[in-house]
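Descriptive structure summary
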Amino acid sequence: MMNNTFLEKVFNPQQYEIFTKKIDQQQFYQWNIAEPKILDDLQKHINLPNLIFQEKGCWGGVRVAVKGQQQEEILQCTPTPPFLTTLFEQGYTLVFNDMQNKVFPIYLMTNELGNLLNAAVNCNCYVTPPQTQGLERHYDDEDVIVVQLAGCKRWQVSIPQENIYPDPQLPYDEAYAMHPCGEYHDIFLEPGMAMYLPKGHSS
């Protein structure tokens, strides 16, 4: 049973029951946010102008990604607003890490979700230009929950045919090289939609 304000906005009772079962079974799950108004509240804090300009590039931990990469790259220079804007216009996805340390409502959300899952939860924000792809297909070695705040995004998701245990001694692209996987399914996310990707799923 839900006793948390955030979770009650994200899941209705039936969705919550399904979600907890999917986590236990490590199975993909997609749903619509129970109260879409929560997205409006987040948009006040998480949008490109706010991320780039209002914070004056002092967020730290800003990464960039572009098609052809399997991992985000850490910027080697100060992420000033003009520089980030130029990268975005050139087709780079901007990745703002650890948003729970920077936006209080996100801290509350990750805290409640962490209590539910009995695990540490962090939140990263991906801002991808239209008609572009942020990363090549890859695996994550941890569970992922995606919430679409704005725009639409097409995902291709595949369930692995074997357990994935990346070798931490290998470079990222070798450690996460494609393992045998099943058929890819097209998933289209619009604002107010979310999905759960268990670790090992390819996207």
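As shown above, the structure is provided for reference.
All of the points below concern the structure found in this document. (Residues numbered from 1 in each chain as written. Predicted model: local features only at pLDDT ≥ 70, side-chain atom pairs only at ≥ 80, totals over all residues. Heavy atoms only, no water.)

Remarks on the environment of A65
Heads up, the rule is: Runs of H or I in DSSP of at least four residues are treated as helices and runs of E of at least two as strands, each being numbered from the N terminus.
Position of A65 among the secondary structure elements: in strand β2 (residues 62-65). Between the alpha carbons of A65 and Y126 there is a distance of 9.3 Å; along the sequence they are 61 residues apart.

Regarding empty space enclosed by the protein
Going by this rule: Within this scheme a cavity is a closed region of a 1 Å grid, computed over the protein atoms alone, that accommodates a 1.4 Å probe without allowing it to escape, whereas a pocket is open but has protein on both sides within 12 Å along at least five of seven lines; lining residues each have an atom within 4 Å of a point. Grid points are joined across faces, edges and corners, and a volume is the space filled by probe spheres set on the points.
Under the defined criterion, the tally for this structure stands at one cavity of 30 Å³ or more. For the largest cavity, the full set of lining residues is D140, E142, V144, L197, P198, H201 and S203.

Some points on the sheet that holds strand β9 (residues 193-197)
Our working rule: Note: two strands are recorded as paired if DSSP finds a minimum of 2 bridges between them. To get an axis, fit a line to the C-alpha atoms, keeping to the stretch in contact for a helix; angles then go from 0 to 180 degrees between the N-to-C directions. Between two residues, a contact is recorded if the distance between any of their heavy atoms is within 4.5 Å.
An order of β1-β9-β6 is seen for the three strands of this open sheet, with the pairing classed as antiparallel. The sheet terminates laterally at β1 (29-32) and β6 (144-147), the two strands that pair on one side only. If you compare each strand with its neighbour and ignore which way they point, the axes differ by 15° on average. Pairing between β6 and β9: four bridges, direction antiparallel. Across the sheet, the residue bridging to I145 is Y196, located in β9. Sheet strands in contact with helix α2 (residues 13-25) are β1, β6 and β9, and its direction is about 160° off that of β1.

Description of α2
It helps to recall that an α-helix has 3.6 residues per turn; residues three or four apart then point in one direction. We apply this condition: In this scheme, a helix's expected span is set at 1.5 Å multiplied by one less than its residue total. For the exposure calls, accessible area comes from a 1.4 Å probe over protein chains only, and a residue counts as buried if that area is under 20% of its type's maximum, exposed if over 50%, partly exposed in between. Working definition: the arc comes from the directions between the helix axis and the C-beta atoms, pointing outward to the latter. As used in this structure description, the phrase polar contact means that two N or O atoms lie within 3.5 Å; if the pair is within protein, one of them must be able to donate a hydrogen and the other to accept it, and residues adjacent in sequence are counted only when both atoms belong to side chains.
Under the 1.5 Å per step criterion, the end-to-end length of α2 is 19 Å for 13 residues, consistent within 8% with the ideal 18 Å. Among the residues of α2, those classed as buried are Q15, Y16, F19 and I23. All buried residues of α2 project into a common sector of 100° when viewed along the axis, lining one side. Of the exposed residues in α2, those oriented more than 90 degrees away from the buried face are P13, Q14 and D24. The inward-facing, buried residues of α2 abut α1 (5-10), β1, α6 (104-117), β6 and β9. Where α2 begins, one side-chain oxygen reaches toward the backbone nitrogen of Q14, 3.1 Å away; that side chain belongs to N12. Positive backbone phi, at 50°, marks Q26, one or two positions downstream of α2.

Description of a nonpolar patch on the surface
Here is the rule we go by: Patch membership is restricted to residues that have no salt bridge and whose relative accessible area is over 30%. Joining uses 9 Å for like charges and 5 Å for the nonpolar side chains Val, Leu, Ile, Met, Phe, Trp and Tyr. Using a 1.4 Å probe, the Shrake-Rupley method yields the accessible areas, and only the shown protein chains count as cover for residues. Take a side-chain nitrogen of Lys or Arg and a carboxyl oxygen of Asp or Glu: if they are within 4 Å of each other, that pair is a salt bridge.
On the surface, F104, Y107 and L108 cluster together to form a nonpolar patch covering roughly 320 Å² of accessible area. For F104, a relative accessible area of 58% puts it in the exposed group.

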